[in-house]
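Given next are the chains, with one letter for each unit.
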Amino acid sequence: MSQSASLSRRSVLGAALAATTALPTFAQSPALEKVVFGTNWRAQAGHGGFYQAVADGTYRRLGLDVEIQQGGPQVNNRPMLPVGRLDFLMTGNLLLTFDQIKNGVPITVIGAIFQKDPQAIIAHPGQGYDKWDAVKKAPAVLVSKDGQFSFWQWMKADHGFRDEQLKPYTFNLGPFLTDKRVVQQAYSISEPINVRRQAGFDPVVHLLADHGFNTYSTTIETRTQLVREKPDLVRRFMEGTIAGWYNYMYGDRAAANALIRRDNPDMTEEYIEASVKLMKDLQIVDSGDALTRGIGAMSEERVKSFYDKMVTAGLYKPGEVDLSKVATTQFVNKGFGLDIKRRLGGR
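Report on the accompanying structure. (Residues numbered from 1 in each chain as written. Predicted model: local features only at pLDDT ≥ 70, side-chain atom pairs only at ≥ 80, totals over all residues. Heavy atoms only, no water.)

Taken in spatial order, the five strands make up an open sheet running E7-E6-E8-E5-E9, and their pairing is mixed. On the outer flanks of this sheet lie strand E7 (166–168) and strand E9 (204–207), each paired with one strand and no other. Going across the sheet, the axis of each strand differs from the next one's by a mean of 40°, ignoring polarity. Summarising the sheet, strand E5 (residues 119–123) and E9 pair through four bridges and their orientation is antiparallel. Pairing of isoleucine 121 across the sheet is with histidine 206, part of E9. Contacting E5, strand E6 (141–143), E7 and strand E8 (183–187), helix H7 (residues 151–159) runs over the sheet at an angle of about 145° to E6. Each of E5, E8 and E9 is contacted by helix H9 (residues 191–199), which is oriented at about 115° to E8, the strand it contacts most. (Pairing = 2+ DSSP bridges. Helix = DSSP H or I, 4+ residues; strand = E, 2+ residues; numbered from the N terminus. Axes fitted to C-alpha atoms, helices over the stretch in contact; angles between N-to-C directions. Contact = heavy atoms within 4.5 Å.)

Once that is clear, we can look at the packing of helix H12 (residues 254–263) against helix H13 (residues 269–281). It is the contact of H12 with H13, at a shortest axis distance of 10 Å, that shows an interaxial angle of 120°. The orientation of H12 with respect to H13, classified from their angle, is oblique. In this structure, H12 meets H13 at a crossing whose hand is right-handed. Residue-level inspection shows Asn257, Ile260 and Arg261 of H12 in contact with H13, the latter providing Glu269, Ile272 and Glu273. Residue classes in the contact of H12 with H13 are distributed as two nonpolar, one polar and three charged. (Parallel < 35°, antiparallel > 145°, perpendicular 65-115°, else oblique. Left-handed = near helix turned anticlockwise from the far one by under 90°. Nonpolar A, V, L, I, M, F, W, Y, C, P; charged D, E, K, R; others polar.)

Mapped onto the elements of the fold, glutamate 320 is located in the loop between helix H15 (300–312) and helix H16 (338–343). We classify glutamate 320 as partly exposed; its relative accessible area is 27%. Once residues within four sequence positions are removed from consideration, glutamate 320 is found in contact with Lys102 and Tyr307. For glutamate 320, the side chain forms a polar contact with the main-chain nitrogen of lysine 317, separated by 2.8 Å. (Buried < 20%, exposed > 50% of the residue type's maximum accessible area, 1.4 Å probe, protein only. Polar contact = N/O pair within 3.5 Å; in protein donor to acceptor, adjacent residues only side chain to side chain.)

On to the pairing of E5, then. Counting buried positions along E5 yields five of five residues, so the element is predominantly enclosed. A two-sided burial pattern is seen for E5, the buried positions comprising Gln119, Ile121 and Ala123 on one face and Ala120 and Ile122 on the other. Bridging between E5 and E8 involves four bridges; their strand directions are antiparallel. The residue bridging isoleucine 121 from the neighbouring strand is glutamine 185, located in E8.

Strand residues, when the strand is regular, have side chains that alternate between the two faces of the sheet. Summarising burial for strand E4 (residues 107–114): eight of the eight residues are buried, a large majority. Taken together, the six bridges between E4 and strand E10 (residues 217–223) define a ladder with antiparallel strand orientation. Paired with threonine 108 across the two strands is threonine 222, which belongs to E10.

In structure tokens:
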């Protein structure tokens, strides 16, 4: 094991804090362990903590050479994890993991970066949709095909939305912007920025997580074999990631943003910073159990609660998914990284 890999936890925290200013020299370090991490879309602020841990050297201080392999419209990283082409995978929410476990794929979630799923319904201001209960009266709700077979079923079962309201959402803001009576699905840390840019107003944002859609999001999956055979590697990746997210949210993220823009030239510094602000304002990352247990926190009770809601919504049958295989809390819930937050003045 390298000297970097054997650093005490206190030393790692101090190093992670200092990492935002300069990269150390590794010329005399033993070889680093290569790790490939896949995301589920093109680089953006919602991936910021991972890029931070690369940019500021946190992963390297933990003995890891981490390559981020971004997803995108022409890239499907999901099948790359079970076949060993990826070591870790960022996924959207627990529904994707439920499907994998149901189909016998030997993967597990090792941490949840987002305590709240950013999925939302947005509406025009001044149209009577300021309250969530009023949204169900909208004449049209624009929802994508994937959304129709996931959160829309929950919206019907738990909140009384009706299929008669359902209209297709094709990830084009045009229909929403031209009809003030329409509401639509949105990724709350990006679409509101686009609405402001294109139409000059801030939409009403109803985060589904604030109304009972309690899945974790931006979860990290790995192979169960890796957890069993290389738990120290998994621990170091998870701790580096957590430190990266604290440094990204509360420290100097300029170097990470530069890497994001390198991988995704469509991103601008202004857009990234607006998205970070929404993550903070909506308490996407640092809320709930993360406030006391650290970023990445999870609980078996919440996984079961969300699964039970999806059973009620008709997405699964009782007992169809072995929940004991969905996630492990072995690498989270230890309060790791809270020192970084305090030292950076995070609130």
